[in-house]
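# Residue-level structure breakdown
Letter by letter, the chains look like this.
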Amino acid sequence: MQDFPRRRRMGETMKRIGTMMTRLAFAASALAFSLPGFAAVDRWKLNMTPGVTEVSQQVYDIHMIILWICIVIGVLVFGAMGYAIFKFRKSKGAVAEKWSHNDKAEVVLTVVPVLILIAMAWPATKVLVNMADTRDAEMTIEITGYQWKWGYRYVDSGVRFISSLERNSDDTRQLGSGMDPNGVKNYLLDVDRPLVIPADTKVRFVITAGDVIHAWWVPKLGWKQDAIPGIINDQWTLVKEPGIYRGQCAELCGKDHGFMPIVVEVKPKAEFAQWLAAQQAPAAAPAEGATPDTAEPAAADAAPTQG
Amino acid sequence: MGHSETHDPNIYYVPHGSRWPIIATLALFTTMIGAALTVNKVAVGHYVLYAGLAGVVLMLFGWFGDVIRESVKGFYNRQVDISFRMGMIWFIFSEVMFFAAFFGALFYARMFSVPWLGGEGDGVLTHEFIWNGYSAAWPTNGPLKIGGTFETVGAWGLPFLNTLLLLSSGVTITIAHHALRAGERGKLLVFLGATIALGALFLYYQGVEYYHAYHELGLTLGSGIYGSTFFMLTGFHGMHVTLGTIMLIVIWFRCAKGHFSRDHHFGFEAVAWYWHFVDVVWLGLFLFVYVL
Amino acid sequence: MAHDATAHHDDHDHKPHGFVNRWLYATNHKDIGTMYLVFSLVMFFLGGLMAMVIRAELMYPGLQLVEPEFFNQMTTMHALVMIFGAVMPAFVGLANWMVPLMVGAPDMALPRMNNWSFWIMPFAFTVLLLPLALKVFFGIGGGGPAGGWTLYPPLSLQGGDNVAFTIFAVHMMGISSIMGAINIIATILNMRAPGMDLLKMPVFVWSWLITAFLLIAVMPVLAGAVTMLLTDKFFGTTFFSATGGGDPVMFQHIFWFFGHPEVYIMILPAFGVVSEIIPTFARKPLFGYQAMVYAIASIAFLSFIVWAHHMFTVGMPLGGELFFMYATMLIAVPTGIKVFNWVFTMWKGSMTFETPMLFALGFVILFTIGGFSGLMLAIVPADFQYHDTYFVVAHFHYVLVTGAVFSIMAATYYWLPKWTGRMYNESLGNWHFWLSTIFVNLLFFPQHFLGLAGMPRRIPDYNVAFADWNFVSSIGGFGFGLSQLLFAYIVWDCARNKSLAKATDQVWEGARGLEWTVSSPAPYHSFVTPPVIDDSKLAHGDVSH
Ligand code: HEA
Ligand code: HEA
Ligand code: CUA
Ligand SMILES: [Cu+2]
């Protein structure tokens, strides 16, 4: 076993326990009011991100709707239960009544949940139908999951490269490395070559894998999609604001499943065009020859991709 | 302990302890360890496997022997009889569900995965980006032609003959059952014997068919999804026919020894049910594996 | 040999003598039930120990204790041990002990097969744990399976020698479960005392009747699925590879056709237990007995048509996504009926709060929370975010730990006096409940936040943004784990400590039903002649009106 936990941490541990209680209380109330600004508090994040696309916003909204419905039902049911527990206790002299059913109540309590469910299913269906519509995409990017890195190919221009965990995180994450993750910027969420996409453009992703199943997930885009060897799944996104958005592989894919992050860099259209042109110049010739063939992931792997 | 001396329906019967279950467990354990070692190519693996299987056979003789002796002595009352019946029915149901898994795989491949690879419906992109050039059809061994080219076994040759064999075996066993109920032992033995012969013949022709498939048609377990579903379905069915035939043989000897009376012959009925189940599964196979 | 059901059965002379005769050759439903329960407790500790390794590694960001590969083995084995080794055998043990007593039977319908069902289990787990044990203790081989309990190919096929062991162990567990289930069905349908009509049976018995049906229907499907894995790995089939015309997703369909009913296999008996306990301590008949039975049946039916809600992100056709979403949401209706009826049972009752009742009430609240998160997961677009995150982990631990496991603990406290003839230490029981409840929430509630904030499941290390809630969760985990030592002590104490108060036959003031008419401890042979059923003493009062 390693020298764990590191000494610095023991002190920190005490501090953490100290502040934990107050923070828990704060956290609970923050969830109850679901303050939008709260997301800025990084380390005690409670809720889903509303994300940066229309779809992610819709997903977030539907999440909040069902969350609130559940909370309201919970308050009613647990409230009734709590009332019963305090009111009808033997120690307070309660005498049990004998009745054991009530047809009217049973019918109501069957019908009302059905109505609530319909109220939930309706908006969910709408969002889903919208998400499934990949028509009119302006560009297509092929994503291939490998153990344990991501391959990207810009289908129209032929630019392709591999994106894997950035060095600093990789060194730090080794068992017993003695390095402190707190000191690494974007620990485990940074890559050597991010995926770059243009802002304000409907981008279609076609997603597959070269060995086992992976899943491509950037929370701020509002969805994840499995990458399955031999199968193509498609999804799309349209990000208005330039920025850098991070995610991770979300399907167990072997020992380094935790270490294949995703970084998407959204650039303004013009900048993106420049970037793409720069990629095309040196890499175009070898990249064009190889077609993606999941039966031979090694071939795709071997393609000279590192720029 | 046993309240065995009675037929009184108001008094329960509880069998005494038995050493067979624990022996059965050890035999099963040895078999499974042996099987695991064997597929992992450990040298002694198959010895362990065979030892385990021998243990299973021994256990079956011992356990059923006890049950038969107790039954013949008249220990079992009506309630026990019904418990046995329920046990057998639910066991057969579990077997049905086991086959359902493989039929499910067959239907899934035929209705979804193969058409999708060929670009139908939701498979447009899969086809366009990965398997361009593959055209979906059944039978298939997939876009990479796993296992090489092959031909299929025609439905109306041996498989059809086998269908007739199994169907008539269903008839003969029913005749045997009627004979048993009528107390005609000679007729019983003849028709039960005929059932066994039909079962054995079925297995023989299935063997011929497999030989033909492997050596002349190029159709093997490794022939892509077609070979996989074909051999797993027919293979598991064949194993069940084998088991059923062995059970029939045992029952034939028990009939010959006069174990069964006209209205007390659950052992016979259990085997008959099992045989009908094997029969019905075959009809499904014939239809979905061979004909369609 | 005809005994009156209520007569005293101090027939020690009828017990088989010697260890081998009594336990290895066992045919007595109580002995077999006891063995199941003890086995399950051992497995719970073993699976819990693995969970402790997981929580210890996740306490801080960075890898401190184990390699990622070993971490994945812990996750996989933790789940397999808990599901197949702890929860399922515990419920089978309860069924063995209680079903014959509750329906007025002498024993299980097929006592020798019952013995076989049990004894397969420890051997199945020997096969399952062998590769891991060889690695941990002797450094031999590559260790246990590491592809998750769901065994998805192609990843699961990348395992080394352990693949075959895992598959054959699953086969053995399947054989055991199927035979156990057949036995329970035959007992319930065939061994009831005259007058114990189907719609007079205790809800626990009903829940097991339906559970047993689910088991027989889906365990063979799991066996088929893993058999296909086996042939894909060793015999050249291509069920799960597109290269040969198969599809990795096909495995997921077959697996979850088993897997979803499986999770109800782990909760329906829990519903049964809670439906016994709440009326007893509310001193009021169960509200809506028939509705409760029909609700269980509807849940079982629906459980067959919702499986793909575990696969919303595999890229199903839109119509499939919608169908499985709607079907899944529907399950909230019959489950809601159950929750509401428990609350109505308490309403205008006369409640006391002994340990079994505390656990039952904890169950109702915490299971419902788990149900709510389940409902959220059923909403496809939202699941695109939730899937494979700690939100899912939080969901299923609420339904499994504070659901299934809490109900098992409730049942243990409820029937322990009947089993041992002594009252357990009530104040320690209270401590156990409160410690468990506080820590389990500390353990699993923050996992909702982690999941929503974006932490994937099945990872050994994470970004520092997730550090603090993970720390809280680990503290809760250790606390919850240690609290279970108390549970083991209380049970052991009750079984062994002769100075504890003797239990009466009825044990609880409000208890109704046949199992409370026999002596405590229950006589070695339950009902040798059929008991007379007194409708007014049924668990739910007279249900005929
Ligand atoms: C005992 C086990 C158990 C139980 C009972 C449940 C119950 C439910 N589960 Fe859960 N589930 C699991 C065990 C269980 N689950 C496990 C182990 C996994 C993960 C497997 C893995 O991937 O490893 C999982 C995963 C899982 C998923 C997949 C998530 C994902 O991977 O993305 C989904 C999605 O739909 C789901 C849904 C549900 C639903 C809708 C219920 C419903 O039955 C819940 C119904 C209950 C209620 C809703 C509360 C009470 C009702 C009321 C008070 C009435 C009024 C309410 C309303 C009208 C809202 N579960
Ligand atoms: C019935 C089923 C069941 C039960 C009871 C539990 C109980 C627990 N589970 Fe788990 N769990 C699953 C079923 C279950 N789980 C499943 C299906 C998965 C998914 C696996 C997969 O992804 O494939 C999973 C995954 C899972 C994960 C996610 C792993 C990952 O994604 O990488 C975690 C992490 O916290 C976890 C934790 C725990 C803890 C802390 C308990 C605790 O409740 C355990 C408490 C019990 C004890 C601790 C034992 C008793 C005490 C001792 C042995 C004394 C020693 C104690 C100390 C040293 C403190 N479980
Ligand atoms: Cu790739 Cu997980
Ligand atoms: Cu499910």
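Everything discussed here concerns the structure shown above.
Residues numbered from 1 in each chain as written. Chains lettered and ligands numbered in written order. Predicted model: local features only at pLDDT ≥ 70, side-chain atom pairs only at ≥ 80, totals over all residues. Heavy atoms only, no water.

Each helix and strand counted, chain A has six helices and ten strands in total. Restricting to contacts in chain A with at least 6 residues of sequence separation, those with at least 24 account for 66%. Taken as a whole, chain A presents about 14,200 Å² of accessible surface, with 61% of it coming from carbon and sulfur. (Helix = DSSP H or I, 4+ residues; strand = E, 2+ residues; numbered from the N terminus. Contact = heavy atoms within 4.5 Å. Areas by Shrake-Rupley, 256 points an atom, 1.4 Å probe, with all protein chains shown as cover.)

The next point concerns the sheet that holds strand S7 (residues 223-227) of chain A. Residue and element names in this part refer to chain A. One open sheet holds the five strands; their spatial order is S4-S10-S9-S6-S7, and the pairing between them is mixed. Either end of the sheet is taken by a strand with one partner, and the two such strands are strand S4 (195-198) and S7. Averaged over all pairs of adjacent strands, the angle between strand axes in this sheet comes to 25°, irrespective of strand direction. Pairing geometry for strand S6 (residues 214-218) and S7, over five bridges, is antiparallel. Bridge pairing in S7 places Trp 216 opposite Gln 225. (Pairing = 2+ DSSP bridges. Axes fitted to C-alpha atoms, helices over the stretch in contact; angles between N-to-C directions.)

Moving on: the coordination of the copper ion (ligand 4). Six octahedral donors around a metal ideally sit at 90 or 180 degrees from one another, while four tetrahedral donors ideally sit at 109.5 degrees. All names here are of chain C. Looking at the metal site, the copper ion (ligand 4) is ligated by His 260 (ND1), His 309 (NE2) and His 310 (NE2), spaced 1.8 to 2.1 Å from it. Along the chain, the residues donating to the copper ion (ligand 4) are arranged with the sequence spacing H-x48-H-H. Separating the copper ion (ligand 4) from the iron atom of ligand 1 is a gap of 4.5 Å. (Donors = N, O, S within 2.8 Å, 3.2 Å for Na, K, Ca; no water.)

Moving on to the interface of chain C and chain A. Counting from both sides, the interface comprises 99 residues of chain C and, opposite them, 105 residues of chain A. A buried area of about 8,900 Å², summed over both sides, lies between chain C and chain A, and 71% of it is on carbon and sulfur atoms. For the pair chain C and chain A, the number of links is one salt bridge. Linking chain C to chain A there are 23 residue pairs in polar contact (both at pLDDT 80 or more). Of all the secondary structure elements, the ones that give two or more residues to the side of chain C that touches chain A are helix H3 (68-103), helix H7 (248-265), helix H10 (318-330), helix H11 (332-346), helix H12 (355-378), helix H13 (380-386), helix H15 (426-453) and helix H16 (467-496) of chain C. Taken together, the residues that form the side of chain C that touches chain A break down as 65 nonpolar, 20 polar and 14 charged. (Buried area = accessible area lost by both parts, 1.4 Å probe. Salt bridge = Lys/Arg side-chain N within 4 Å of Asp/Glu carboxyl O. Polar contact = N/O pair within 3.5 Å; in protein donor to acceptor, adjacent residues only side chain to side chain. Nonpolar A, V, L, I, M, F, W, Y, C, P; charged D, E, K, R; others polar.)

This part is about the site of ligand 2. Residue and element names in this part refer to chain C. The immediate surroundings of ligand 2 are formed by 34 residues, with Arg 55, His 78, Trp 149, His 397 and Arg 458 found nearest. Arg 55 places a side-chain nitrogen or oxygen 2.8 Å from an oxygen atom of ligand 2. A distance of 2.8 Å separates a nitrogen atom of ligand 2 from a polar side-chain atom of His 78. A per-element tally of the shell around ligand 2 places helix H2 (residues 29-57) first, with eight residues. The residue makeup of the shell around ligand 2, split by class, is 23 nonpolar, eight polar and three charged. (Near = heavy atom within 4 Å.)

What follows deals with the pattern of salt bridges. Note that side chains of opposite charge can pair when their charged atoms are close. In this structure the tally under the stated criterion is 17 salt bridges over all chains. Between Arg173(A) and Asp256(A) there is a salt bridge, and its shortest N-O distance comes to 3.3 Å. Note that Arg173(A) is positioned in the loop between helix H4 (167-172) and S4 and Asp256(A) in the loop between strand S9 (243-249) and strand S10 (261-267), a separation of 83 residues in sequence. Residue Asp256(A) is classed as buried on the basis of its relative accessible area of 10%. With a shortest N-O distance of 2.9 Å, Glu70(B) and Arg112(C) are connected by a salt bridge. Taken together, the positions of Glu70(B) in helix H2 (residues 45-72) and Arg112(C) in helix H4 (residues 111-138) put the pair across two chains. Taken individually, Glu70(B) and Arg112(C) each receive the classification buried, so the pair is uniform in this respect. Members of the salt-bridge network, linked through shared partners, are Asp170(A), Arg173(A), Lys255(A) and Asp256(A). (Buried < 20%, exposed > 50% of the residue type's maximum accessible area, 1.4 Å probe, protein only.)

A few words on empty space enclosed by the protein. All names here are of chain C. Following the criterion strictly, the structure yields nine cavities of 30 Å³ or more and no others. Met 88, Pro 89, Val 92, Ser 176 and Ser 177 are, among the 15 residues lining the second largest cavity, the residues nearest its centre. Where the lining of the second largest cavity is concerned, the elements lending two or more residues are H3, helix H5 (162-190) and helix H6 (203-234). Grouping the amino acids of the lining of the second largest cavity by side-chain chemistry returns twelve nonpolar, three polar and no charged. (1 Å grid on protein atoms, 1.4 Å probe; cavity = no way out; pocket = protein on both sides within 12 Å on 5 of 7 lines; lining within 4 Å. Points joined across faces, edges and corners; volume = space filled by probe spheres on them.)

On to the coordination of the iron atom of ligand 2. Of the protein atoms, only His78(C) (NE2) and His397(C) (NE2) coordinate the iron atom of ligand 2, at distances of 2.0 Å. In this structure His397(C) comes out as buried when scored by relative accessible area, which is 13%.

Before going further, it helps to spend a moment on the interface of chain B and chain A. Contacts between chain B and chain A engage seven residues on the former and 14 residues on the latter. Between chain B and chain A lies a buried interface of about 810 Å² when both sides are counted; carbon and sulfur atoms form 69% of it. Our count for the contact surface shared by chain B and chain A stands at zero salt bridges. In this assembly, chain B and chain A are joined by two residue pairs in polar contact (both at pLDDT 80 or more).

A separate point is the packing of aromatic side chains. Two aromatic rings, taken as a pair, are described by how far apart their centres are and by the angle between their planes. All chains considered together, the criterion is met by 93 aromatic pairs over all chains. Seen from their ring centres, Phe98(B) and Phe236(B) are 5.0 Å apart, and the 90° between their planes marks the pair as edge-to-face. Remark: Phe236(B) occurs in helix H7 (residues 224-256) and Phe98(B) occurs in helix H3 (residues 78-117); sequence separation between them is 138 residues. Phe236(B) shares its class with Phe98(B); the two are buried. Between Phe251(C) and Phe255(C) the ring centres are 5.8 Å apart and the planes differ by 25°, which places this aromatic pair in the stacked class. Within this pair, Phe251(C) and its partner Phe255(C) are both found in helix H7, separated by four residues, close to a single helical turn. Since its relative accessible area comes to 0%, Phe251(C) is described here as buried. Taking the relative accessible area as the measure of exposure, Phe255(C) reaches 1% and is therefore buried. Note that Arg173(A) overlies the ring of Phe259(A), its terminal NZ or CZ placed 4.0 Å from the centroid. One Lys or Arg, Lys202(A), reaches over the ring of Trp236(A) and ends 4.1 Å from the middle of that ring. (Phe/Tyr/Trp six-rings, centres within 6.5 Å; stacked < 30°, edge-to-face > 60°. Lys NZ or Arg CZ within 6 Å of the ring centre and 35° of its normal.)

Time to look at the packing of H5(C) against H6(C). All names here are of chain C. One way to put it is that H5 packs onto H6 with a least axis distance of 8 Å and a crossing angle of 155°. The angle between the axes of H5 and H6 places the two elements in the roughly antiparallel class. The crossing of H5 and H6 is left-handed. Along the lines of polarity and charge, the residues of the contact of H5 with H6 split into 28 nonpolar, four polar and one charged. (Parallel < 35°, antiparallel > 145°, perpendicular 65-115°, else oblique. Left-handed = near helix turned anticlockwise from the far one by under 90°.)

Quick look at the nonpolar core now. Of all hydrophobic cores here, the largest spans 372 residues; its most connected members are Tyr154(A), Trp216(A), Phe268(B) and Trp415(C). It is H3(C) that contributes the most residues to this core, 23 residues altogether. Shared between two domains, this core holds at least three residues of each, these being domain 1 (1-76) and domain 2 (78-291) of chain B. Here Phe268(B) is in contact with Ile173(B), Ala176(B), His177(B), Leu180(B), Leu188(B), Leu192(B), Ile251(B), Cys255(B) and Phe260(B), once residues within four sequence places are set aside. (Core = buried A, V, L, I, M, F, W, Y, C linked by side-chain atoms within 4.5 Å. Domains from an automatic or database assignment.)

Purely geometric stuff here, so don't read any function into it on its own.
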